[in-house]
Amino acid sequence: MTSAQVEKENTPEEGYERGLGSRQVQMIAIGGAIGVGLFLGAGANIAKAGPSLILMYALAGVIIFFIMRALGELLLYRPVSGSFAEYSREFLGPFFGYFTGWTYWLMWVVTGMAELTAAAIYVHYWFPSIPQWVTALVFLVVLFVANLISVKLFGEIEFWFSMVKVTALIGMIVIGLGVLTFGFSAAGDTATVSNLWQFDGFFPKGIGSSLMTLQGVMFAYLAVELVGVTAGESEDPEKTLPKAINTLPWRIALFYVGALTVILCVVKWTEFAAGVSPFVKAFAVIGIPAGAGIVNFVVLTAALSSCNSGMYSTGRMLRTLADNGEAPRVFSKLSASKTPALGITVSVAFMGIGVVLNYVVPEKAFGYVTSVATAAGIWTWLMILVSHVLYRRAVDAGRLPASSFPAPGGAVCSWIAIAFLLFVTCLIAYDADSRVCLYVMAVWAAALAVGWAVLKARNPQVAQRREQELEKVG
């Protein structure tokens, strides 16, 4: 049995419009993970770890590649819009599919809050008299309306948002290299590669402090898995998804490791601080006219791009849950434009909590929501990896067909990534500031466990249906 046959037998007609072309999927993959974690969060992490943050991004990038190749193998085995929630349901059981789907929904809701907070901070750069909560509310409403119209409009908006981010990052790298090579601008006299080690070394705060930044680094990579959610609406997933995933190493090398390396060569790490984008700071030091303002616009675009993606993914995940009887059935309905309008609406309503946080605690809102989003993201990545390990076992045993896009290293790389993510979880537990997210996740897990018990009591078939479907495959 081929993977295409498995998809037809094991996946109901989703009803979505396959309106995302190769151009849009590629740009979503390229720009999807370039958000506030890099543009804003990197400032605080540079202050904590100095130049060694470059190494942390590179290390985490290798793990992210392992995760995405594992997801890619699963996607080409059975491309569905529910993606990793569906794979968790298939290989680990209905409860894990239910838990993963709702947790991924939570991740994007709180990520949307973080992006709204960041966007409000960026606007504050130009208009300090406008309250953060007002700006956050305006952006929330505008993106909400855009997401209701059609998936093609979402894809087009995301394409241009990502194009701005990618073009700007390349421009920043080129300008930074020009300063280093030719010494022009106000930063030319102090810009040097030796800035990476001459101020108390490459690990100025010690290796321990560098490792503690991994939580923020992993948050910067959240959304890289979004390409998996687009599977049900891609025109040709067999071609577009492998191509999008295989570009990940150079994206990480260029946009994360490369950009940070150039910035830290141009400006010494001691000049960066939390709450200020290192890219804005670098252009201010270089002294390019209106450069800092231009970069501020770019990072504003990055925040809005990620929030836009969050609205897209939460609506699809709620529909997947509803289709499996794990959310109110009303969420399974599509609008006339073939978008899960009600799911998007409810998700946006919860994102509105971010507006409230910007009103109540504007100086702490970003830190609160990023820690919760990271914990939820780690769970999602773990479920992708565990599902991949179990899928490879099923393939080796002859119970399932092999994917046309096998992950290099097989299950070994997935085990390495699992160990890394568990290590990051331990770091989160050790840090007093971020530990609160584990308490939030514990409460979330308890709430989902109660919800599952109620669900099974009302509809026992929910926990049994998936096993019956798997008999067709196995």
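Values in this document were obtained by computation on a predicted structure and should not be read as measured data.

A closer look at the overall build of the protein
Now for step 1: Assigned secondary structure in the protein consists of 21 helices and 0 strands.
Now for step 2: Counting across all 474 residues of the protein, residues that qualify as buried make up 59%.
Now for step 3: For the protein, the share of sequence-separated contacts (at least 6 apart) that also reach a separation of at least 24 residues comes to 82%.
Now for step 4: Approximately 17600 Å² of the protein is accessible, and the part contributed by carbon and sulfur atoms is 68%.

Re helix α11 (residues 214-221)
Now for step 1: For α11, the buried fraction is high: 7 of the 8 residues fall into the buried class.
Now for step 2: Remark: Ala223 follows α11 within two positions and exhibits a positive phi of approximately 95 degrees.

Considering helix α7 (residues 94-126)
Now for step 1: Across its 33 residues, α7 extends 49 Å between first and last C-alpha, which sits within 8% of the 48 Å expected from 1.5 Å per residue.
Now for step 2: Burial analysis of α7 places 27 of its 33 residues in the buried class, the great majority of the element.

What about the packing of aromatic side chains?
Now for step 1: According to the stated counting rule, one finds 19 aromatic pairs in the structure shown.
Now for step 2: Judged by centre distance (5.7 Å) and plane angle (70 degrees), the ring pair of Phe95 and Trp452 falls under edge-to-face. A residue pair is termed long-range when its members are at least 10 positions apart, and Phe95 in helix α7 and Trp452 in helix α20 (residues 436-458) qualify at 357 residues.
Now for step 3: The exposure class assigned to Trp452 is buried, which follows from its relative accessible area of 9%.
Now for step 4: On the numbers, 6.0 Å between centres and 55 degrees between planes, the contact of Trp250 with Phe255 is tilted.
Now for step 5: Since its relative accessible area comes to 1%, Phe255 is described here as buried.
Now for step 6: What links up through ring pairs into an aromatic cluster is the set Phe95, Phe96, Tyr98, Phe99, Trp379 and Trp452.
Now for step 7: One cation-aromatic arrangement involves Arg69 over Phe405; the distance from NZ or CZ to the ring centre is 4.0 Å.

Let's talk about the packing of helix α13 (residues 237-246) against helix α14 (residues 248-266)
Think of two packed helices as two axes; the pair is described by the angle between the axes and how far apart they sit.
Now for step 1: For the pair α13 and α14, interaxial distance at closest approach is 5 Å and the crossing angle is 35 degrees. Where α13 approaches α14, its residues Ala244, Ile245 and Asn246 are matched on the opposing element by Leu248, Pro249 and Arg251.
Now for step 2: Residues that form the contact of α13 with α14 fall into these classes: 4 nonpolar, 1 polar and 1 charged.

Looking at the nonpolar core
Now for step 1: By size, the foremost hydrophobic cluster in this structure holds 143 residues, and its most contacted members are Phe39, Tyr57 and Trp381.
Now for step 2: Of the residues forming this core, the biggest block, 18 residues, is contributed by α7.
Now for step 3: The residues touching Tyr57, leaving out its near neighbours within four places in the chain, are Gly37, Leu38, Ala42, Val217, Ala220, Tyr221, Ile252, Tyr256, Val257 and Leu260.

Let's talk about the pattern of salt bridges
Now for step 1: Applying the stated criterion across every chain yields a total of 5 salt bridges.
Now for step 2: Across the salt bridge formed by Arg392 and Glu73, the nearest N and O atoms sit 3.2 Å from each other. Taken together, the residues span a long stretch of sequence, with Arg392 in helix α18 (residues 365-396) and Glu73 in helix α5 (residues 53-77) at a distance of 319 residues.
Now for step 3: For Glu73, a relative accessible area of 3% puts it in the buried group.

Conventions we followed
- Residues numbered from 1 in each chain as written.
- Predicted model: local features only at pLDDT ≥ 70, side-chain atom pairs only at ≥ 80, totals over all residues.
- Heavy atoms only, no water.
- Helix = DSSP H or I, 4+ residues; strand = E, 2+ residues; numbered from the N terminus.
- Buried < 20%, exposed > 50% of the residue type's maximum accessible area, 1.4 Å probe, protein only.
- Contact = heavy atoms within 4.5 Å.
- Areas by Shrake-Rupley, 256 points an atom, 1.4 Å probe, with all protein chains shown as cover.
- Expected span 1.5 Å × (residues − 1).
- Phe/Tyr/Trp six-rings, centres within 6.5 Å; stacked < 30°, edge-to-face > 60°.
- Lys NZ or Arg CZ within 6 Å of the ring centre and 35° of its normal.
- Axes fitted to C-alpha atoms, helices over the stretch in contact; angles between N-to-C directions.
- Nonpolar A, V, L, I, M, F, W, Y, C, P; charged D, E, K, R; others polar.
- Core = buried A, V, L, I, M, F, W, Y, C linked by side-chain atoms within 4.5 Å.
- Salt bridge = Lys/Arg side-chain N within 4 Å of Asp/Glu carboxyl O.

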